[in-house]
Amino acid sequence: MAVASPVELGIVAPDFVLEATNNQYYSLGDVSGERGTVVVFICNHCPYVKAIADRLADAARALARLDIGFAAICANDAVSHPEDSFDNMKRFAERHGFDFPYLHDESQEVARAYGAVCTPDFFGLNAKGEIQYRGRLDEGRTEAPPMGARKELVEAMRLIAQTGKGPEEQVPSVGCGIKWKTGD
């Protein structure tokens, strides 16, 4: 189990151009919303991601209604973890009703540029593309959150859309460590 490390808030998020499960290429600008953007590093095999996948899709739909863009990126080594292959990413996105781009970072350069360490690892950006959130979706881990739990990502992104700044208190995401390629 890895915990997302703190990141310097306020820095401009690194750009990228990656292929999505719909065989289209997307840059950060392509997935950005008018009022903010979420970039989340996930994979297909991690029990933490499997547990939140449907809630993740729901959060993305809620944020889209607020003009907040959303993209997920899989950077795991598919040689050591075949369940995270590009073909399996396509099946995972379809099974969970992803209405947002699910991007493949085969080189792992984007994950390294963001400083991603686990799956899921959330980065919430304001309208200027500055990282303002490095927290979690909610308090659920490998099981659903308790009844009445806060939707921390959605709440944080609402605040960012309104003020340009993230919440003062942010609880880091917990999940499986990114599966780096051998020799990296």
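Model, not experiment: these values are computed from the prediction.

Undergrad: Is there a simple way to think about empty space enclosed by the protein in this case?
TA: The method is simple in principle: a probe with the dimensions of a water molecule rolls over the atoms, and the space it marks as empty is what remains. With the rule as written, the count across this model stands at one cavity of 30 Å³ or more. Taken as a whole, the largest cavity spans an internal volume of roughly 110 Å³. Around the largest cavity, the lining is made up of 13 residues, and of these Arg136, Asp138, Gly140, Ser173 and Val174 lie nearest the centre. Looking at the lining of the largest cavity residue by residue, the classes come out as eight nonpolar, two polar and three charged.

Undergrad: Would you explain the sheet that holds strand S6 (residues 102-104) in this entry?
TA: Hydrogen bonds between backbone atoms are what pair the strands of a sheet, whose relative direction is either parallel or antiparallel. Sheet architecture is open: seven strands sit in the order S3-S2-S6-S5-S4-S8-S9, paired in mixed fashion. Where the open sheet ends on each side, the last strands, each with one partner, are strand S3 (25-27) and strand S9 (131-133). Shown here is a sheet whose adjacent strand axes are inclined to one another by a mean of 40°, direction ignored. Sitting on the sheet, helix H3 (residues 86-95) is in contact with strand S2 (17-20), strand S5 (68-74) and S6, with an inclination near 175° to S6.

Undergrad: Explanation requested: the environment of Pro101 in the structure shown.
TA: On the secondary structure map, Pro101 appears in the loop between H3 and S6. Each C-alpha atom of the pair Pro101 and Ala60 lies 11 Å from the other, and the pair is 41 residues apart in sequence. Setting aside its immediate chain neighbours within four residues, Pro101 contacts Ala20, Tyr26, Val31, Phe70, Ala71 and Ala72.

Undergrad: Whenever I open this one, the side chain of Gln132 confuses me. Can you help?
TA: Summarising the element assignment, Gln132 is placed in strand S9. Gln132 gets classed as buried once you look at its relative accessible area, which sits at 5%. With near-sequence residues (within four places) excluded, Gln132 lies in contact with Leu9, Gly10, Gly124, Leu125, Asn126, Ile160, Gly164, Lys165, Gly166 and Gln170.

Undergrad: I would appreciate a short explanation of the layout of surface pockets in the present structure.
TA: When its volume is computed, the largest pocket comes out at roughly 250 Å³. Taken together, 14 residues line the largest pocket, and the ones lying closest to its centre are Arg55, Asp138, Pro145, Ala149 and Lys151. Top element by residues in the lining of the largest pocket is helix H2 (residues 47-64). It accounts for four residues. Class assignment of the residues belonging to the lining of the largest pocket gives a composition of eight nonpolar, one polar and five charged.

Undergrad: Before we go on, may I ask you to explain the packing of aromatic side chains in this structure?
TA: Note on aromatic pairs: each is described by the distance of the centres and the angle between the planes. Overall, the coordinates contain eight aromatic pairs when judged by the stated rule. Judged by centre distance (5.7 Å) and plane angle (75°), the rings of Phe98 and Tyr102 are edge-to-face. We note that Phe98, like Tyr102, is buried. Arranged with centres 5.2 Å apart and planes meeting at 75°, the rings of Tyr114 and Phe123 form a pair that is edge-to-face. Exposure remark for Tyr114: the relative accessible area of 3% places this residue in the buried category. Taken together, Phe70, Phe92, Phe98, Phe100 and Tyr102 form an aromatic cluster joined through their ring pairs.

Rules of the game
Residues numbered from 1 in each chain as written. Predicted model: local features only at pLDDT ≥ 70, side-chain atom pairs only at ≥ 80, totals over all residues. Heavy atoms only, no water. 1 Å grid on protein atoms, 1.4 Å probe; cavity = no way out; pocket = protein on both sides within 12 Å on 5 of 7 lines; lining within 4 Å. Points joined across faces, edges and corners; volume = space filled by probe spheres on them. Nonpolar A, V, L, I, M, F, W, Y, C, P; charged D, E, K, R; others polar. Pairing = 2+ DSSP bridges. Helix = DSSP H or I, 4+ residues; strand = E, 2+ residues; numbered from the N terminus. Axes fitted to C-alpha atoms, helices over the stretch in contact; angles between N-to-C directions. Contact = heavy atoms within 4.5 Å. Buried < 20%, exposed > 50% of the residue type's maximum accessible area, 1.4 Å probe, protein only. Phe/Tyr/Trp six-rings, centres within 6.5 Å; stacked < 30°, edge-to-face > 60°.

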